[in-house]
Amino acid sequence: MDGSIVLETNALEIEGISKSFGANKVLLDLNLTLKRGEVHALMGENGAGKSTLIKIISGVHSADEGVIYLNGKKTGFQSPFEAQMGGVATLFQEIQEIPDLTVAENLYAGMEPRKNGIFIDWKKLFADAQRQIDELGLNIDASQKMRSLSPSSRKMIEIIRAVHKRGASVVIMDEPTANLNQSEIDALFSMIDGLKKNGVSIIYVSHRMREIFQVANRVSVLRDGRLIRTEAIENITEDEIVKLMVGRDLPALYPERTPPADTIAMSVRDLCVDGELDHVSFDVRDREILGIAGLEGSGATCVIKALFGLKSVKSGSIRIRNEDIAIVSPKRSIEQGLAYVPEDRKVDGLFLNKTVNFNLVANVLKSHFSHFRFVVKGRAAESTSRDVVKRLGIKTSGGRAKIGSLSGGNQQKALVGRWLIGSYKAILLEEPTRGVDIGAKVEIYEEINALARSGLPVVMYSSELLELIGMCDRVVVIRGGRVSGVLSGADLTEEKILEKAITD
Amino acid sequence: MENVMTTSLQRTAPRKPRRLSLAEVAPALIVAALLVIGTVTSDRFMQSNNIFNILQYAAEPAIIAVGMMFVVLARGIDLSVGSVMGIGNVTVALLLAAGYPITVSIMAAIAFGGLIGLINGLLITKGRMEPIIATLATMIGARSVIYFMTDGAPLFSGIPRDFVTIVRGNALGVPNGVVFLLVAFAVAYVILRHTRYGRHIYAVGGSEETAELFGMKVTSIKISVYVISGMLAATAGVIGASRLGIGDPNSGIGYELVAITMIVVGGVRLAGGVGTVFGAFCGVLIVSILTNILQLNNVSTHAQHIFLGGGVIAMMLFLSSRERREH
């Protein structure tokens, strides 16, 4: 009964917010209401204005026009810290943490309990932190270093710090599940449930449609800096949301597949990696996209890395069209015709402070070297790169722009796109669309499909099962380092994959 | 009431002591190993005056190393410390020769060092310069200032006897220089381990962006570590002047590298955010004891540095292999 009373007051009211960066109008007279205790999903393509809106609410940017009321009071935060102290906590995509300090210090950063007003009271610090963690039923030791925790535990600690320590009434979560596996996502969702019950309101930004339907009460769609529609989640469908986001009928998310040939293009035999993979074998047919699935710790993430030579492989062979591929090192793998898109583009995939041109031709540089083998043929590199940029619709101010300045979606396109240059025998992909909006996803899917159709065997790992189901002809499920099943056709469903991934 | 609270806290959170990793205890183990090697290879090594000698000669680079540690923990580097030591050295000598009281002269010398540290801090924070570039520039500039102040010649005269006994005396039964060294480390330990300011230095070194979001005063913290480093470097210069009884324009040359070597061998990570005062103290001992052992065994000065360089490489290889294993 009293729950409904609480629900009637709004946690956040955003009225007439506008924001421009130079001539670029990012938000236009935007209104949004956040009810108390609701999870409000914010959706929109990259560039729709979501992140600018979040940044205005959380004090990173200030609005040109408009007012924000927090619990009925007008606010204007000047920094994320100020917002946090005022009751608005933001969980940005990157976990905000000091990895080499303890969990307790991260929780109490800046407000460590002190003795005599000078010295930190370590005993109290650890005890207080531990009690808070225990109260939430989490199995985390407060005296551990942050670095030693799993991604989800780190996210949990961040939430505890933001919400419980600072008493936030509004929590903004930007792609909170980006680096989490399914069980970690479940843990996060039950924590979100707990927050809702305590009257905390959550703005939830995610590209993952299924999550939105699982966790949100209402959804607002932004497009070109305007609020298009706010709707209770039960009154809207996935297709409708996508339509609202793009403002037109989107071609189906996943491309039409042509059935693969019966001839085997690539075979992997007895791939073994100590402690991770145990005699993994599979075949990839001509024009086939083969998926690799598995829970965290199953070894599924290791398959592609092992094939590309990033793991020390104990045994195993790759054969592509009657040609043996030696698994030695990434360099040798590229030389032998394997293309690889890594999971973490910022660490493994791109030279962020180099130009778009450099990044696109980085793996085929050899053919762009002059006779002396020392000097890059700048013009040739530029024209090759221009072709790729055009073909994939990469949004950049030019080939000489630093690739780090591009949006995540466009960086990912470049990462996939660079393999279009040069000739390869097989493509290995890890999480090819991580952190990318739907528009860019569709384009990347089409490229992958085109690569497969051109006759290249494609092996792809993704933690998004729907993506594997949508894209792949067959999915190899890994459990405990072994192949526990190969699914195709009508058997290729989320339930079947999970069944193979979990049960013996 | 308070008693009830504490007992119930202890019951809900029975924490086992954290296990120390091998990387954390490695510096101490190396010190122990060096003590054994020293004892075995030379009869003179374990004599008390040799031990005091080691510590006394270590005082100047060690005090610089303490300041360097503050800077490095906050993900910076201070190459100017050698020149600032020289500044402290000739400033105190010049002021004493001009007849100023000892305390005033010492304070002024340390303040001068702090000023150069402040300049470093401002260049790096407000001027957004890379620490290595900013402090390289002040290193060169400050040395030039020293030569202007002294015309490049050592100052032999006018330094009072009372000033010399500050370091050479032994008020507590051990040489005062040793006491200064120990006090510097003790104070650093308390600050870095037991105050918010100290922990926030680690936070800034670990992730500046996050520290900002946590509401820490990142800019002030960064400036402050350079001021501390400058003041300690100048203090080392004062100690040098007291120990030798002269002002030497070449004082402190190369000390920045010695100080960096000491803390790095002690496990302080140059990329910031990691390292203990105890580790750094062990680093000081490792470098000083190793040098002493080589001297006692009549290894030539030229060859000594091969051992030092080799030791640094071995330690770094060890630390990086541990780090790889931990991840």
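Reading the values: rules and limits
Residues numbered from 1 in each chain as written. Chains lettered and ligands numbered in written order. Predicted model: local features only at pLDDT ≥ 70, side-chain atom pairs only at ≥ 80, totals over all residues. Heavy atoms only, no water. Buried < 20%, exposed > 50% of the residue type's maximum accessible area, 1.4 Å probe, protein only. Helix = DSSP H or I, 4+ residues; strand = E, 2+ residues; numbered from the N terminus. Pairing = 2+ DSSP bridges. Contact = heavy atoms within 4.5 Å. Buried area = accessible area lost by both parts, 1.4 Å probe. Salt bridge = Lys/Arg side-chain N within 4 Å of Asp/Glu carboxyl O. Polar contact = N/O pair within 3.5 Å; in protein donor to acceptor, adjacent residues only side chain to side chain. Nonpolar A, V, L, I, M, F, W, Y, C, P; charged D, E, K, R; others polar.

Engineer: Pulling in residues and values, what's your account of the pairing of strand β9 (residues 170-174) of chain A?
Structural biologist: All names here are of chain A. Of all 5 residues in β9, 5 are buried; the element is thus mostly enclosed. Burial along β9 is two-sided: the residues Val 170, Ile 172 and Asp 174 and Val 171 and Met 173 are all buried. The sheet contact formed by strand β6 (residues 88-91) and β9 spans 4 bridges and is parallel. Among the inter-strand pairings, Ala 89 is bridged to a residue of β9, identified as Val 171. Looking at chain direction, β9 and strand β10 (residues 201-205) are connected through 5 bridges and run parallel.

Engineer: How would you sum up the interface of chain A and chain B? Please name residues and give values.
Structural biologist: Tallying the contact residues gives 30 residues for chain A and 30 residues for chain B. Of the roughly 2,700 Å² buried between chain A and chain B on both sides combined, carbon and sulfur atoms contribute 58%. For the chain A face of the interface with chain B, the top three residues by lost area are Gln 96, Ile 98 and Trp 122 of chain A, together amounting to 18%. Connecting chain A to chain B are 3 salt bridges. Between Arg 269 of chain B and Asp 100 of chain A there is a salt bridge, and its shortest N-O distance comes to 2.8 Å. For the pair chain A and chain B, the number of links is 9 residue pairs in polar contact (both at pLDDT 80 or more). Listing elements by their share of the side of chain A that touches chain B, those giving two or more residues are α3 (80-86), α4 (103-107), β8 (119-120) and α5 (122-135) of chain A. Tallying contributions element by element places α5 of chain A first for the side of chain A that touches chain B, with 6 residues. The class makeup of the residues in the side of chain A that touches chain B is 12 nonpolar, 6 polar and 12 charged.

Engineer: Explain the pairing of strand β20 (residues 458-461) of chain A to me, using residue names and the numbers behind them.
Structural biologist: All names here are of chain A. By the alternation rule, side chains of β20 split into Val 458 and Met 460 and Val 459 and Tyr 461, which are all buried. Pairing of strand β15 (residues 289-293) with β20 involves 4 bridges; the strand directions are parallel. Bridging across to β20, Gly 291 finds its partner in Met 460.

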